[in-house]
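Now for the letters of each chain:
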Amino acid sequence: MHPISPLLQQSSRIALAAFLHDLGKFAERAQIKVDPQTLEDNKQLYCPHRKQHTDNKGYFTHVHAAYTGLAMDLIEDSLPDLTGSDFAPFGSWKTREVDDSFINAAAKHHKPESFLQWIIATADRLASGFDREEFENYNAADEGTSTGKNHYTARQLTLFEQIHKTGLAKRDFEYRYRLEPLSPDSLFPVAAKGYESDDKEAAQREYAELWRNFTLALKQIPISHRKNWPLWLDHFETVWGVYTQAIPSATAFNVRPDVSLYDHSRVTAALATALWRYHHERGETDDNARKALSQGTQSRGEPKFLLVQGDFFGIQDFIFASGGDTNKRAAKLLRGRSFYVSLLAECAALKVLDALDLPATSQVINAAGKFMIVADNTPATLARLQGVQQELDAWFLNHSFGQAGVGLAWTAASGNDFCCKRMTGADKSPYRQLLDRLFEQMEIKKCRRFDLCVDTAPPAVFDGFLNNFDKDLGVCNIDGRSPAHHQLEADTFVGDLAWDQIEIGHWLTRRQRILITRQPLNMTSALKTPIFGYHVSFAEDEEGRGKFGAEAQSGNLLRAWDFSLPESGDAALWNGYARRNINAYVPIATETDKLEEQWDKYIGIDEKLEIGAAKTLNHLACANRRQDAGKWTGISALSTLKGDVDNLGNIFLNGLGDDASFGKTAALSRQLNNFFAMYLPWLCQREYPDTYTVFAGGDDFFLIGPWWSQIELAERMRSEFSRYTAENEYLHFSAGISTTKPGLPINQIGELAEQALEQAKAHNPEKRDVPPKNAVTCFGQTVGWHTFQELLHSRLPNLQGLVNENGLSTGYVYGLLNLIDMAEKVGERPENALWHSYFAYRTARMLDRKKLDKKQREIRHEALAKEIAHAGIKEHGGNYRIALFCHLYQQRD
């Protein structure tokens, strides 16, 4: 048995109550069936009352609070066990006569009275960035948004459209999210015109369908997991997010409906849990604490919160580490290592949560090796964090020799620090000042990795090596430095991590679920090396046969994550388990590939394709070869595509101005991550199936695939990202494309891609007054994305058309590269100015050999000069090489 600590159980209940505080918004808009008298009773109990000047009756505002209690009754059967004598810290589950019942704490956030009710009400306000005066105005306000719609018809705005556009009128935003479950298609905003309407009944029907699907989906969480509060809560956060990610949270007080119910709920849950824990640890849960919270001023000034940031550093060094037989298994190692990086980051966040007895909902940011957890600012928390950092450091020094690690940095914050309202004389709101401190603290941590200069420095790097070295097995044949412990093949011995990384590459194509346990499970698909003390196993859907129910109820099963790729563009991303978008797309051999292998498409490759197994990099390099007149044409080459969002720090620090709030920051991080971690693998799976997503998430990506497919994918990603970010010209990314032969060592592949990206980041066009970056480097040429699009979609097809029409030889086209060199260096040597004359002479000689009449030669010469000399070389200079190389590499035998 591995009993769950009472403190974690209680923290999970606080988190769920806070998560469900706005359940009534969903239910009311869906117009769930309710008893009129019960609804009236709930209004009296949970809703603020506003008097009218015309009569003495008045009316209730924020009626959704009354629906919160009613909706809980409808989903009660799908929730964890809410009965029993011990329901601490609440007095009961739903006895409305008990002030500190669970249901009252959740539903009374607009009319709080008890200590626990004030905990959730305070967190609700902090998540929105309200100060006391702003919330009082909001609490007394009628329904209605800045877009002119009510709480039924308003659809959610996208934060991306607002970046660096804080002066835009509230009604001028043109995009909305569709009211649909989370899927690859619903990630993208659509034009408000033609979608958002004033038809209240139609809007309610949309909500009703969404509510029906949510209640059905909630039942899919395994029944046996309901007795494990933190495990169930992790599943619940996923299903709640899938069905509420496009529901506007706030629709009163003329607000801008741009934060989803999901993002507001999870930030509220994290803040409420930390706030309760702060008071609980200090023994301050009595009526005096309630009064302090209700009065606000002094209590809000205390630094009760601790924002814990985690950052995985050395990701690229870890993935592209080379030595020994690295190249022989490059594809398996790349996908295994990239997945392992995601596992390390997830387990590091779990380690912090576990040490602090916090549920998964306390983690508000989780993207590409970075995470943020909201904890209580108490001495016990600080001491435990120090212990976790030392444990993480020891693991990485022992297993990666310090090449990688996870750094933790924490910053204390008061309630006032979450306020969005700028104080008199200040140049930023308190919340934006808090963001500055968070960024500064993490930058300091990056410069103090492993704390090697402090008195309590970790053990020497080679201690673990010396203690575990077996002279008979020697050094790992994969990384060339770790002690070998396992025999991979007859003459190949590997270390612990290399074994697990290769095994991951195997299981990724056969499993879609991960189990994290305290003690190992008797499974062949388990990793050999525990990660920070946790055991990791890959699993199929065994829940129907009850295989893991006992592990969940005993407390051994800490997490069960679904990492499957989307099955279709419009299917809800929910399979009954908590979801982690950590699966990179892996190209799989098909029957067509096997046939093409028999037809000699794959040249010089000893490995044979196996249908259903992952392709090697050598096979991918041949994927763009095409049959022409009975023979295969096109080079065998790989392209690596690496990129990241430009000016990311400035986007988060200043993009939303003083409209930024904790909830919006968390939402922006999640949505940005979704494009790369969720949509990009789906796009590769559907349209670019020979692409390895080595890593993709947060704001960056690294892809490997056939040379031409990656060039096309780069341009497609740029256009899709523009659509994803509501065509906001201030949001863009830069990318580097490096084209190489498939046998290059993987560390060099990574270095060349990084160099190309750095070159793209340095791009600053001289002809237009635009910020630098927003560019792509391809074949050593750096161009803006619009130029890249023109070269690929205008110049290249036009060139290919002229080649076919005029029978231009490969030698003629290659000769254009020399003319480009001359045109670029006109100022260096006088004779270079004759490049156009050389073009005219070579073209005339070529046409003379075609035996055409004079008129035909003149027409064709003019067409060639117009397209190649003027639109190509003169207009684009050296950048025209991109079009030339793309053509030439497709023609090689």
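Please refer to the structure higher up on the page.
Residues numbered from 1 in each chain as written. Predicted model: local features only at pLDDT ≥ 70, side-chain atom pairs only at ≥ 80, totals over all residues. Heavy atoms only, no water.

Asker: Quick question: what am I supposed to make of the overall build of the protein chain here?
Answerer: When helices and strands are counted, the protein chain shows 30 helices and 22 strands. A compact globule built from 893 residues would reach a C-alpha radius of gyration of about 29 Å, and the protein chain, at 30 Å, matches this within 12%. Projecting the C-alpha coordinates of the protein chain onto the three principal axes gives extents of approximately 100 × 80 × 50 Å. In the protein chain, of all internal contacts separated by at least 6 residues, the share reaching a separation of at least 24 is 71%. Taking the average location of the 100 positive side-chain charges in the protein chain and that of its 115 negative ones, the two points are 4 Å from each other. (Helix = DSSP H or I, 4+ residues; strand = E, 2+ residues; numbered from the N terminus. Rg over C-alpha atoms; globule rule 2.2 N^0.38 Å. Contact = heavy atoms within 4.5 Å. Lys, Arg positive; Asp, Glu negative; His and termini not counted. Charge placed at Lys NZ, Arg CZ, Asp CG, Glu CD.)

Asker: Looking at this structure, I do not really get unusual backbone geometry. What am I missing?
Answerer: Where the residue is not glycine, phi is negative for most of them; where a peptide bond is considered, it is trans in most cases. Of note, the bond from A88 into P89 is cis; its omega dihedral lies within 30 degrees of zero at 5°. For P89, the position within the fold is in the loop between α4 (64–75) and α5 (102–107). Although it is not a glycine, F401 adopts a positive phi angle of roughly 55°. Here F401 is to be found in the loop between α15 (379–400) and β8 (405–413). Residue classification places F401 among the buried residues on the basis of a relative accessible area of 15%. In this structure, N774 takes a positive phi of about 55° despite not being glycine. You can see N774 is positioned in the loop between α25 (746–761) and β21 (775–778). (Buried < 20%, exposed > 50% of the residue type's maximum accessible area, 1.4 Å probe, protein only.)

Asker: I would appreciate a short explanation of the packing of aromatic side chains in the present structure.
Answerer: The relative placement of two aromatic rings is captured by the distance of their centres and the angle of their planes. The tally for this structure, following the rule as stated, stands at 45 aromatic pairs. Where F721 meets F733, the ring centres are 5.4 Å apart and the plane angle is 65°; that geometry is what we call edge-to-face. Of this pair, F721 sits in helix α24 (residues 707–724) while F733 is found in strand β20 (residues 733–740), placing the two residues 12 residues apart along the sequence. You can call F721 buried: its relative accessible area is 2%. Among the aromatic residues, ring-to-ring pairing joins F160, F188, F675, F676, Y679, F701, F721, Y724, F733, W785 and F788 into one connected group. (Phe/Tyr/Trp six-rings, centres within 6.5 Å; stacked < 30°, edge-to-face > 60°.)

Asker: Sorry if this is basic, but what is going on with helix α14 (residues 330–356) here?
Answerer: Each full turn of the α-helix corresponds to 3.6 residues, which orients residues three or four apart in the same direction. Spanning 27 residues, α14 covers 39 Å between terminal C-alpha atoms, matching the ideal 39 Å at 1.5 Å per step. The positive-phi residue at the C-terminal boundary of α14 is D357, with phi of around 55°. (Expected span 1.5 Å × (residues − 1).)

Asker: For this particular structure, what's the right way to read the sheet that holds strand β17 (residues 638–645)?
Answerer: Spatially, β18-β19-β17-β20-β21-β22 is the arrangement adopted by the 6 strands of the open sheet, whose pairing is mixed. Of all strands in the sheet, those bounded by a partner on one side alone are β18 (692–697) and β22 (781–784). Pairs of neighbouring strands in the sheet enclose a mean axial angle of 15°, with direction left out of account. In terms of strand pairing, β17 meets β20 through 8 bridges, oriented antiparallel. Paired with D644 across the bridge in β20 is S734. Its contacts with the sheet put α25 on β17, β19 (700–706), β20, β21 and β22, and the angle it makes with β20 is roughly 140°. Of the strands in this sheet, β20, β21 and β22 are in contact with helix α26 (residues 785–806), which crosses β22 at around 105°. (Pairing = 2+ DSSP bridges. Axes fitted to C-alpha atoms, helices over the stretch in contact; angles between N-to-C directions.)

Asker: Where do I start with the sheet that holds strand β7 (residues 370–376) in this structure?
Answerer: The strand order across the open sheet formed by 4 strands is β6-β7-β5-β8, and the pairing between neighbours is antiparallel. Across the chains shown, the open sheet's two edge strands, defined by having one partner strand only, are β6 (363–367) and β8. Sheet twist, expressed as the average angle between the axes of neighbouring strands with direction ignored, equals 20°. In terms of strand pairing, strand β5 (residues 305–313) meets β7 through 7 bridges, oriented antiparallel. Along β7, the bridge assignment pairs L307 with V374. Sitting on the sheet, helix α16 (residues 430–446) touches β5, β7 and β8, and the angle it makes with β8 is about 145°.

Asker: Whenever I open this one, helix α18 (residues 496–507) confuses me. Can you help?
Answerer: Here α18 contains 12 residues, and its C-alpha end-to-end distance of 16 Å stays within 8% of the 16 Å for a straight helix at 1.5 Å per residue. For α18, the buried fraction is high: 9 of the 12 residues fall into the buried class. Of all the positions in α18, only L497, A498, W499, D500, Q501, I502, I504, G505 and W507 are classed as buried. If you follow the buried residues of α18, they end up packed against α13 (315–319), α14, α15, β9 (486–489), β10 (492–494) and β12 (535–539).

Asker: For this particular structure, what's the right way to read the pattern of salt bridges?
Answerer: Here the idea is simple: oppositely charged side chains can pair when their charged atoms come close. Counted under the stated rule, the structure contains 47 salt bridges. A salt bridge links D593 to K615; its shortest N-O distance comes to 3.0 Å. A residue pair is termed long-range when its members are at least 10 positions apart, and D593 in helix α20 (residues 591–598) and K615 in the loop between α20 and α21 (617–621) qualify at 22 residues. Here the two residues D593 and K615 agree in accessibility, since each one is buried. In this structure, the salt-bridge partner of D690 is K615, at a minimum N-O distance of 2.5 Å. With a gap of 75 residues between them, D690 in the loop between α23 (662–687) and β18 and K615 in the loop between α20 and α21 connect regions that are remote in the sequence. (Salt bridge = Lys/Arg side-chain N within 4 Å of Asp/Glu carboxyl O.)

Asker: Before we go on, may I ask you to explain the side chain of S78 in this structure?
Answerer: Mapped onto the elements of the fold, S78 is located in the loop between α4 and α5. Setting aside anything within four residues of it in sequence, one finds S78 in contact with L218, K219, R226 and W232.

Asker: Got a minute to help me understand the packing of α26 against helix α29 (residues 854–876) in this structure?
Answerer: Relative placement of two packed helices is described by the angle separating their axes and the distance separating the axes. One way to put it is that α26 packs onto α29 with a least axis distance of 11 Å and a crossing angle of 155°. By the angle class used here, α26 and α29 are roughly antiparallel. For the pair α26 and α29, the sense of crossing is left-handed. Note on element contacts: α29 touches α26 through R860, A863, L864, E867, I868, A871, G872 and H876, opposite T787, E790, L791, R795, N798, L799, L802, E805 and N806. (Parallel < 35°, antiparallel > 145°, perpendicular 65-115°, else oblique. Left-handed = near helix turned anticlockwise from the far one by under 90°.)

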